[in-house]
Amino acid sequence: MLTVGTHRQSGRAVAIKVIDKTRFPTKQERQLRNEQAILQNLSHLGVVLLEGMFETMEHIFVVMEKLHGDMLEMILSNEKGRLPERTTRFLTTQVLEALRYLHLKHIAHCDLKPENVLLASPDPFPQVKLCDFGFARIIGEKSFRRSVVGTPAYLAPEVISSHGYNRSLDMWAVGVILYVSLSGTFPFNEDEDISQQITNAAFMYPRVPWVTISLEGDP
């Protein structure tokens, strides 16, 4: 559960993620603790700020800076159901800057998607901040992981095939985010097996809307 609170010292609004330890499985508690462990060592404009974490016998509370909304909301609220190329380029550049910071620290986000790209303001060109580090992993440049993590539609082929993956899986997810932002749809047929389509690189580029998107904007 996500709720809003007020920071006692500064008076600013904060977002509070609450986990009921009596109701939710150990896996969610483990993800929350993983997120806290990752975030407490990060400091970057493109990464959500962790204000603190505390717990009682029944609940865990993770306090983070409160932001305006997320990239998915921005896409869905646009009158065309997709973002202009200029806006997409601006937001994606910031995502890549944040990923560069994470990857230099040997951290892979592992669950990049528009819902996890937060917007700091309602401005047309806002600061973005990556959030939800529950699946994040410490992965060296040449080391690999094999456990499946992330959201199916954004998974890289190497994750699905269980051949092992490194920080490059985040770059695949950026490509899917680009596609979704520019077109307002997924690059896959959602009525068929998405995993098979990803493995076979069976991406869809329907004439509408791709005929209106420039070559520079085409992923």
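Just above sits the structure.
What you see is a predicted model, and the numbers here were worked out from it, not measured in a lab.

Moving on to the nonpolar core. Ranked by size, the top nonpolar core spans 39 residues in total, and within it Leu39, Leu42, Leu102, Leu130 and Phe133 carry the most contacts. Contributions of two or more residues to this core are made by helix H1 (26-39), strand E4 (59-65), helix H2 (71-77), helix H3 (85-104), strand E7 (117-119), strand E8 (128-130) and helix H5 (168-183). The leading source of residues in this core is H3, at six residues. Leaving out residues up to four positions away in the same chain, Phe133 has contacts with Asn34, Glu35, Ile38, Leu39, Leu42, Val47, Leu102 and His109.

Before going further, it helps to spend a moment on H3. Taking 1.5 Å of rise per residue, the 20 residues of H3 would be expected to cover 28 Å, and the 28 Å separating its terminal C-alpha atoms lies within 8% of that figure. The inward-facing, buried residues of H3 abut H2, strand E6 (107-108), E7, E8 and H5. Just downstream of H3 lies His106, where phi reads positive at about 65°.

Counting buried positions along E4 gives six out of seven residues, so the element sits mostly inside the fold. Here strand E2 (residues 13-20) pairs with E4 via seven bridges, running antiparallel. Following the sheet pairing, Ala15 is matched in E4 by Met64. Bridge count for strand E3 (residues 50-55) against E4 is five bridges, and the pairing is antiparallel. When the sheet's bridge partners are listed, Phe54 is paired in E4 with Phe61. Hairpin geometry of E3 and E4 is characterised by an intervening segment of three residues between the two adjacent antiparallel strands.

Calculation notes
Once a new chain begins, its residue numbering starts again from 1 and follows that chain's sequence as written. In view of the model being predicted, local features appear only for residues whose pLDDT reaches at least 70, and side-chain atom pairs are presented and counted only at 80 or more, with totals across whole chains, interfaces and linings using the full set of residues. To get the side-chain values, take all heavy atoms of the structure and skip hydrogens and water. Definition of nonpolar core: a set of buried residues of the types Ala, Val, Leu, Ile, Met, Phe, Trp, Tyr and Cys, connected through side-chain atoms within 4.5 Å. Categorising residues by exposure relies on relative accessible area from a 1.4 Å probe, with only protein chains included: less than 20% of the type maximum marks a residue as buried, more than 50% marks it as exposed, and the intermediate range marks it as partly exposed. The numbering of helices and of strands both runs from the N terminus, where a helix is a DSSP run of H or I of at least 4 residues and a strand a run of E of at least 2. Note on contacts: a residue pair qualifies if any of its non-hydrogen atoms lie within 4.5 Å across the two residues. For a helix, the expected span equals 1.5 Å multiplied by the number of residues minus one. At least two bridges found by DSSP between two strands are what make those strands a pair.

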